[in-house]
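One-letter residues, chain by chain:
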Amino acid sequence: MKKFFHEAAIKKLLAYKRKYPDNPAKCAIKICGYCAAWAVKSILPQKVSRKDKQNFSSFKVAFRLTNMIGDVLVNLNYLKGFSRHLPENCILDIYSGLNEEVIDGLFYGNDFINQFIKGKYPDKGKYDLVVDLDRYPEILYCSDRINSENNHFLSEYVKIVSDFNMENPVFLLYGSWAERVGIEYARLFGRTRHTQGDIHDFLNLKNVKYSLKANPEFKRILDQNGLEKKRYITFQRGIAGAGEYTRLWSLENYKAVVNWLKNSYPEYRLVQLGRTDTLEIEGIDLDLRGKTSFEELKNILKYALIHIDGDCGMVHVRHYLQGGVSIVLFGPTSPDYIGYPENINLRADGCPGFCEWISNDWQEKCIRGYKDLPCMVKPEIVIEKIKSILEAD
């Protein structure tokens, strides 16, 4: 079963419009080139090697994931649930645009996946089933073997997902207001971001827990930086792209929390994590932005007493490491929909609802025109939450 061309073209057009908002001619040229390339590729035969033909005695399934760490972790939880139902003769491969170091770190210690491959597009000639997985699964390719052989789970899965894709094509238009429609649909059925893709609860994801493991060899990063287990607090301020987005708590707010901690609890070291292109939080004790490997980062997050962050990938990493509480500073996104139960998920009540994907530029500016976002909590709220944790420590 092939991916519907018009859905793919709409996705691509929306992406070009965001990238070239002031250049419609360039958008037109880009989308024409994309359509031409798609047409040529669709009429060319797919080459399958002799080795691949010999290996077709096993069912081979590939999932294509995004290149965002948080989304990939949520989807690895989905895939763990998916893998529980696979027959023994089924091979599961994962493709992602993440770099190999991160791929290795996300895959470390887990064996339900055959290969985690850097790359965006699986070769359908090598697989019986290819699925794109972002918020919802989408069938990109399905061979006749799925239905012709005695494989109830895969054939039923393909039917459920294919029917859903046909009935709800708008849910697959990621990077636009259509994402919000998919979110609201999931909320109507009592699902969260972590179970959103479980159509009709077929995989029963509510009872699945993916476990991310930290390689203990890299725990030495703590000693190298004078960090004692559960005696330091980590901070991170940044999301993909490292711009000043609406999802980010202000630097002034972070500074207020850091100053209070240094005056009230100087025995705890304050560590900033993140990319080199994120902005420095003033007053921090140890700046490790861009100075750790992914395995080192995992170990630091796992053994921190508290992690303070916005709605971003490191919160997901710490959750799946079972590292402990994070104080998560929500705003335009929903803590009820995205937050984890062990965390302190904070959002102010200055807006009646969250604005994620209500408009295509929701991350660049407040829809209501505020500069000081009414959906973001004040530093005093965060300080009270930190105080309650440290007094109980």
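Structural data are supplied above this passage.
Residues numbered from 1 in each chain as written. Predicted model: local features only at pLDDT ≥ 70, side-chain atom pairs only at ≥ 80, totals over all residues. Heavy atoms only, no water.

> What should I look at first to understand the overall build of the protein in this one?
Across its full length, the protein holds 14 helices and 11 strands. In the protein, which comprises 393 residues, the proportion classed as buried is 53%. The contacts in the protein between residues at least 6 apart in sequence include a share of 66% that link residues at least 24 apart. (Helix = DSSP H or I, 4+ residues; strand = E, 2+ residues; numbered from the N terminus. Buried < 20%, exposed > 50% of the residue type's maximum accessible area, 1.4 Å probe, protein only. Contact = heavy atoms within 4.5 Å.)

> How should the sheet that holds strand S1 (residues 59-64) be read in this particular structure?
Two strands in a sheet stick together by hydrogen bonds in their backbones, pointing the same way (parallel) or opposite ways (antiparallel). Strands sit in the order S3-S2-S1-S4-S5 across an open sheet of five strands; the sheet is mixed. Since the sheet does not close on itself, it has two edges, and those belong to strand S3 (115-118) and strand S5 (137-142), each with one partner. Mean inter-strand twist for the sheet, computed between neighbouring axes without regard to direction, equals 25°. In this fold helix H7 (residues 152-167) packs onto S1, strand S2 (90-96), strand S4 (129-133) and S5, with an angle of close to 115° to the strand it touches most, S5. (Pairing = 2+ DSSP bridges. Axes fitted to C-alpha atoms, helices over the stretch in contact; angles between N-to-C directions.)

> Explain the pairing of S1 here, please?
Residues in a regular strand project their side chains so that they alternate between the two faces of the sheet. Of all six residues making up S1, six are buried, and the element is well covered by its neighbours. Because side chains alternate across S1, one face comprises the buried residues Phe59, Val61 and Phe63, and the other comprises Lys60, Ala62 and Arg64, equally buried. Between S1 and its parallel partner S2, the chain crosses via helix H4 (residues 69-83), and the hand of that crossover is right-handed. Two strands pair when backbone bridges link them, and S1 and S4 are joined in this way by four bridges, in the parallel orientation. Bridged to valine 61 within S4 is leucine 129. (Right-handed = clockwise from strand over helix to strand, strands pointing away.)

> Explanation requested: the nonpolar core in the structure shown.
Phe63, Phe82, Leu106, Leu129 and Leu154 are the most contacted members of the largest nonpolar core, which has 77 residues in total. Filtering out sequence-adjacent residues up to four positions away, phenylalanine 63 remains in contact with Tyr78, Leu79, Phe82, Leu92, Asp93, Ile94, Tyr95, Val131, Leu133 and Tyr157. Core analysis: the second largest hydrophobic core is formed by 31 residues, Val257, Ile284, Leu373 and Met376 among them. (Core = buried A, V, L, I, M, F, W, Y, C linked by side-chain atoms within 4.5 Å.)

> Would you mind showing me how to read helix H5 (residues 100-107) here?
Think of an α-helix as turning once every 3.6 residues; residues three or four places apart then point the same way. Of all the positions in H5, only Val102, Ile103, Gly105, Leu106 and Phe107 are classed as buried. Tucked into the core, H5 has its buried residues touching H4, S2, S3 and helix H11 (294-303). The opening residue of H5, the one whose side-chain oxygen lies 3.1 Å from the backbone nitrogen of glutamate 101, is asparagine 99. One or two steps after H5, the chain reaches glycine 109, where phi turns positive at roughly 80°. (Polar contact = N/O pair within 3.5 Å; in protein donor to acceptor, adjacent residues only side chain to side chain.)

> Is there a simple way to think about the pattern of salt bridges in this case?
A side chain with one charge can pair with a side chain of the opposite charge if their charged atoms come near. Tallied over the full model, the rule gives 16 salt bridges. In this structure, aspartate 71 and arginine 193 form a salt bridge, with 3.2 Å as the shortest nitrogen-oxygen distance. In this pair, aspartate 71 is assigned in helix H4 and arginine 193 in the loop between helix H8 (178-188) and helix H9 (220-224), connecting sequence segments 122 residues apart. Classification of arginine 193 by relative accessible area gives buried; the value is 6%. Here glutamate 179 and arginine 135 are joined by a salt bridge, their closest N and O atoms 2.5 Å apart. Here the residue glutamate 179 occupies a position in helix H8, and arginine 135 occupies one in the loop between S4 and S5, the gap between them amounting to 44 residues. (Salt bridge = Lys/Arg side-chain N within 4 Å of Asp/Glu carboxyl O.)

> When you look at the environment of cysteine 366 in this model, what are you seeing that I'm missing?
Secondary-structure assignment places cysteine 366 in the loop between strand S11 (344-346) and helix H14 (379-392). In sequence terms cysteine 366 and tyrosine 245 are 121 residues apart; their C-alpha atoms lie 9.6 Å from each other. The contacts of cysteine 366, once residues within four sequence positions are left out, are Thr246 and Leu373.

> In this structure, what is going on with the side chain of threonine 278? I would like to understand it.
One can find threonine 278 in the loop between strand S7 (269-273) and strand S8 (286-287). Among the polar contacts made by the side chain of threonine 278, one reaches the main-chain carbonyl oxygen of arginine 275 at a distance of 2.7 Å.

> Hey, could you run me through the pairing of strand S10 (residues 326-329) in this one?
Residues Ser326 and Val328 line one face of S10 and the alternating positions Ile327 and Leu329 line the opposite face, and both faces are buried. As defined by bridge partners, strand S9 (residues 306-310) adjoins S10 across four bridges and the pair is classed as parallel. Paired with histidine 307 across the two strands is serine 326, which belongs to S10. The parallel pair S9 and S10, bridged by helix H12 (residues 313-321), forms a crossover whose chirality is right-handed. Of the strand pairs in this sheet, S10 and S11 are connected by three bridges, and their pairing is parallel. Residue pairing across strands places leucine 329 opposite leucine 346, the latter belonging to S11.

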